[in-house]
Structures are given as C-alpha cells and as structure tokens.
Amino acid sequence: MNRGSYTTKRRIAKLNDQELEAGVSEKGSWHNDYNDTAFVFIGSLPYNLTEGDILTIFSQYGNPVFIKLARDKDTGKSKGFAFLKYEDQRSTILAVDNLDGAVVLGRTLRVDHTHYRNRDDDEELERAMSFDKPNQSR
C-alpha cells in the first residue's frame with residue numbers, strides 16, 4: 001500500500017473524528033470549503049477501468065451526472081485519473097470519506113474534492129449522461 005495514501009486517509013479520518021467529537025456543524029466542517037462544487041477528483045485508477053466501471057463504484061454514494069476519464073490523445077488509453085460530478089454536492093462528502101484510500105484491483109484510490117472547469121466538449125458528455133432525464137432541456 002502506498003504509505004502517502006494511508007497517511008492521508010488517517011489524517012482525514014482523524015479530522016472527521018475531531019469534528020464529530022467537537023460537535024462541529026456541517027458548515028464548520030473542512031468539507032464545507034467545497035460546498036460550491038459537486039466534483040471529485042479520482043486518482044490512481046487502474047488503467048483498465050472504463051467510465052462505466054467508475055460510475056458503478058461511485059454511484060454507491062449518489063447519482064453521478066458527469067465523468068471525464070483522462071485519456072491519452074494518441075492511444076486513447078486511460079491516464080489513471082478522472083473527474084466525476086454528482087447531482088448533489090453532499091454525495092461528494094460520502095465519496096471522499098468512504099472511497100479515498102480504497103483499494104481497487106490492487107491500486108489505492110485517491111479521492112478528493114475539487115473544482116473543475118468544463119471544456120467545450122464536456123457539455124456534450126454531460127448531456128449524454130442525462131439518460132434518466134430525456135425530456136429535460138438544457
């Protein structure tokens with residue numbers, strides 16, 4: 001196991017425990033620094049995972065509405081990281097707390113809150129993922 005990931009996981013767990021013991025409200029939590037974004041960064045992904053595989057794993061904690069798996073422009077192979085957006089920002093807290101440090105196919109995932117800027121081609125991806133809302137206009 002990557003020692004850095006284990007240390008980060010322990011640090012986050014300790015911070016969450018301290019907040020819980022101190023009775024810190026949701027607005028006082030370190031997660032609140034990211035209350036304006038529903039995106040998570042996912043790093044150290046196994047290279048053979050597809051977008052569908054990632055959605056399957058992360059849908060345990062909410063409804064994903066967008067995923068961008070970084071791929072090599074020439075080969076199309078995964079670069080091992082992705083950005084995922086949830087329908088509800090609160091799902092990001094669950095994903096970060098529960099999946100950061102999880103081992104998938106022998107690799108320790110890094111999952112953290114992030115701010116993500118959409119690129120022009122991302123809007124088409126987001127529309128394509130709205131399969132459960134076919135009549136919604138954008």
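Parameters at a glance
Residues numbered from 1 in each chain as written. Predicted model: local features only at pLDDT ≥ 70, side-chain atom pairs only at ≥ 80, totals over all residues. Heavy atoms only, no water. Salt bridge = Lys/Arg side-chain N within 4 Å of Asp/Glu carboxyl O. Helix = DSSP H or I, 4+ residues; strand = E, 2+ residues; numbered from the N terminus. Buried < 20%, exposed > 50% of the residue type's maximum accessible area, 1.4 Å probe, protein only. Lys, Arg positive; Asp, Glu negative; His and termini not counted. Pairing = 2+ DSSP bridges. Axes fitted to C-alpha atoms, helices over the stretch in contact; angles between N-to-C directions. Contact = heavy atoms within 4.5 Å.

Asks: Quick question: what am I supposed to make of the pattern of salt bridges here?
Replies: When charged atoms on two side chains of opposite charge get close, those side chains can pair. Per the stated rule, a full pass over the model turns up two salt bridges. The salt bridge partner of Arg71 is Glu51, with a shortest N-O separation of 3.1 Å. Placement of Arg71 in strand β2 (residues 64-71) and of Glu51 in helix α2 (residues 51-58) is noted, with a sequence separation of 20 residues between them. Given the relative accessible area of 33%, Arg71 is considered partly exposed. One salt bridge in this structure joins Asp88 and Arg90, with 2.6 Å as the shortest N-O distance. A relative accessible area of 28% places Asp88 in the partly exposed class. The class for Arg90 is exposed, based on a relative accessible area of 52%.

Asks: I would appreciate a short explanation of the side chain of Asp100 in the present structure.
Replies: Along the chain, the position of Asp100 falls in the loop between α3 (90-99) and β4 (103-104). Summary of buried charges: Asp100 has no salt-bridge partner, and the nearest side chain of opposite charge, Arg110, is 4.0 Å away.

Asks: I keep staring at unusual backbone geometry and nothing clicks. Help me out?
Replies: Across residues other than glycine, the phi torsion is negative in most instances, and most of the peptide bonds are trans. Phi at Ser44 is positive, roughly 60°, even though this residue is not glycine. Here Ser44 is to be found in the loop between β1 (39-43) and α2. You can call Ser44 partly exposed: its relative accessible area is 25%. At Leu105, a position not held by glycine, the phi torsion is positive, near 50°. Structurally, the position occupied by Leu105 is in the loop between β4 and β5 (107-108). According to the relative accessible area criterion, Leu105 is exposed, its value standing at 61%.

Asks: Would you mind going over the sheet that holds strand β6 (residues 110-114) with me for this structure?
Replies: Each strand in a sheet pairs with another by means of backbone hydrogen bonds, the pair being arranged parallel or else antiparallel. On the basis of which strands lie adjacent, the open sheet formed by four strands has the order β2-β3-β1-β6 and antiparallel pairing. The sheet terminates laterally at β2 and β6, the two strands that pair on one side only. Geometrically, the sheet is characterised by an average inter-axis angle of 20° between neighbouring strands, direction not taken into account. Sheet analysis places β1 next to strand β3 (residues 78-86), joined by four bridges and oriented antiparallel. Bridge pairing in β3 links Phe39 to Lys85. With respect to the sheet, α2 is in contact with β1, β2, β3 and β6, its orientation differing from that of β2 by roughly 135°.

Function cannot be read off these values alone, since they describe shape.
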